[in-house]
Amino acid sequence: MSDNPKPQRYASWTAGKLPLPELREMKRRGEKIVMVTAYDAPSGRLADAAGVDLILVGDSSGMVVHGRESTVAVSLDEILFMTQWVTRGAKRPLVVADMPFGSYEVSNEQAVTNAVRLVKDGGADAVKLERGGTTVARARAIVDAGVPVMGHVGLTPQTATVLGGFKAQGRTADRATLLLEEAAALEAAGCFAVVLEAVPAPVARTVTRVLAVPTIGIGAGAGTDGQVLVWHDMLGMYAGQRPRFVKQYADLASVTQAAVERYAAEVRNGSFPEQQHTYSIPEEELELFEEALAEVRAAR
Ligand code: KIV
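Our subject in this report is the structure included herewith.

Definitions and limits used
- Residues numbered from 1 in each chain as written.
- Predicted model: local features only at pLDDT ≥ 70, side-chain atom pairs only at ≥ 80, totals over all residues.
- Heavy atoms only, no water.
- Phe/Tyr/Trp six-rings, centres within 6.5 Å; stacked < 30°, edge-to-face > 60°.
- Helix = DSSP H or I, 4+ residues; strand = E, 2+ residues; numbered from the N terminus.
- Buried < 20%, exposed > 50% of the residue type's maximum accessible area, 1.4 Å probe, protein only.
- Axes fitted to C-alpha atoms, helices over the stretch in contact; angles between N-to-C directions.
- Parallel < 35°, antiparallel > 145°, perpendicular 65-115°, else oblique.
- Left-handed = near helix turned anticlockwise from the far one by under 90°.
- Contact = heavy atoms within 4.5 Å.
- Nonpolar A, V, L, I, M, F, W, Y, C, P; charged D, E, K, R; others polar.
- Patch = residues over 30% accessible without salt bridge, like charges linked within 9 Å, V, L, I, M, F, W, Y side chains within 5 Å.
- Areas by Shrake-Rupley, 256 points an atom, 1.4 Å probe, with all protein chains shown as cover.
- Salt bridge = Lys/Arg side-chain N within 4 Å of Asp/Glu carboxyl O.
- Core = buried A, V, L, I, M, F, W, Y, C linked by side-chain atoms within 4.5 Å.
- Pairing = 2+ DSSP bridges.
- Right-handed = clockwise from strand over helix to strand, strands pointing away.

**Focus: the packing of aromatic side chains**
Next up, step 1: One pass over the full model with this rule turns up two aromatic pairs.
Next up, step 2: Geometrically, the ring pair formed by Phe-81 and Trp-85 is stacked, given 6.5 Å between the ring centres and 15 degrees between the ring planes. On the criterion of helical spacing, the pair formed by Phe-81 and Trp-85 is a turn pair, its members being four residues apart in helix H5 (residues 76–89).
Next up, step 3: Using a relative accessible area of 42% as the deciding quantity, one classes Phe-81 as partly exposed.
Next up, step 4: With a centroid separation of 6.0 Å and an interplanar angle of 70 degrees, the aromatic rings of Tyr-263 and Phe-272 are classed as edge-to-face.
Next up, step 5: The partly exposed category is assigned to Tyr-263, whose relative accessible area is 48%.

Following this line, the structure appears as structure tokens:
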């Protein structure tokens, strides 16, 4: 072996990152894919440390982080900044940036320009688009430009008004068939995975069986290739109405509120800060400071 090995230029760039084709292998092996949303460096770091495979910088941020009523108003810049923060914290999981409403509908050019921006400036590994229909052409254009795309069908919150609200989708034979066709069209357009949101479990299982690429379910039962949950939902940090498909794994809202209440009480009763939270000054410097203060006072 050489004493002076060549720099591993390509290897170091992708070092430790889950290879995208591995997701399809996981589906083939029947290994579940774990995805969670994250919106900043700490959540990205913790999701990585917990061993998730995929992180979604979701436009759900508009509701769970920024307090909006829906995801519609989320901007590309918001997703861009959050993707930068998340990719500083998360190293192994593939980071998928959600393309917000209005950032890909107008034309293929608009979709490619914005997707490339999320990859180049945000550090995303892939992007996600909602719906079938015209989105299929946008997905194909982005894939052709070299950016991996995740599809998303079923309940698509960006167009919830058209769907009549935040409701389960694919509950009639016609709607289930349409959903399957949309998912298949997204796969044919080159999507590496498809999210199925709020879809009856038997329909999601069939779509999962038909597609070669992995399906990631949220409110779609246990038969999908993977699952995704929203960070604030699963950790009990969202004060709004939680969808029935959410399982809450912790109650961080109570833990956080109790901690802030304790802090407020300790500030008010003087028990915080303590000696270990303060800085010292050498005795002689303190004496000099007091002398200087006395001179200032005398001169007044
Ligand atoms: O924005 C988001 O978090 C999502 C998931 C619910 C899939 O799209």
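**Some details on the packing of helix H9 (residues 173–188) against helix H10 (residues 201–210)**
Next up, step 1: At a minimum axis separation of 10 Å, H9 and H10 run at an interaxial angle of 30 degrees. Compared by their axis directions, H9 and H10 come out roughly parallel. As H9 runs across H10, the sense of the crossing is right-handed. Contact residues: Ala-176, Leu-179, Leu-180 and Ala-183 in H9; Val-203, Val-207 and Val-210 in H10.
Next up, step 2: Per-class residue counts for the contact of H9 with H10 are seven nonpolar, no polar and no charged.

**Regarding a nonpolar patch on the surface**
Next up, step 1: Where nonpolar side chains cluster on the molecular surface, the patch consists of Val-260, Tyr-263, Val-267 and Phe-272 and spans about 360 Å² of accessible area.
Next up, step 2: For Val-260, the location among the structural elements is in helix H12 (residues 252–269).

**What about the nonpolar core?**
Next up, step 1: If you look at the biggest cluster of nonpolar residues, it comprises 51 residues, and the most contacted ones within it are Ile-55, Met-99, Leu-118, Val-127, Ile-142, Val-194 and Leu-196.
Next up, step 2: The element contributing the most residues to this core is H5, with five residues.
Next up, step 3: Ignoring anything within four residues of it in the chain, the contact list for Leu-196 reads Val-153, Leu-179, Ala-204, Val-207, Thr-208, Thr-215, Ile-216, Gly-217, Ile-218, Ala-220 and Thr-224.
Next up, step 4: Counting 17 residues, the second-largest nonpolar core is a separate cluster that includes Met-35, Leu-54, Leu-94 and Val-96.

**A few points about the pairing of strand E3 (residues 94–98)**
Next up, step 1: For E3, a buried count of five out of five residues is recorded, marking the element as mostly surrounded by other parts of the structure.
Next up, step 2: The alternating pattern of E3 places Leu-94, Val-96 and Asp-98 on one face and Val-95 and Ala-97 on the opposite face, and all of these are buried.
Next up, step 3: With four bridges connecting them, strand E2 (residues 54–57) and E3 associate as parallel partners. Across the sheet, Val-57 pairs through a bridge with Ala-97, a residue of E3.
Next up, step 4: The pairing of E3 with strand E4 (residues 126–128) spans three bridges and is classified as parallel. Along E4, the bridge assignment pairs Val-96 with Ala-126.
Next up, step 5: The parallel pair E3 and E4 is bridged by helix H6 (residues 108–120), and the resulting crossover is right-handed.

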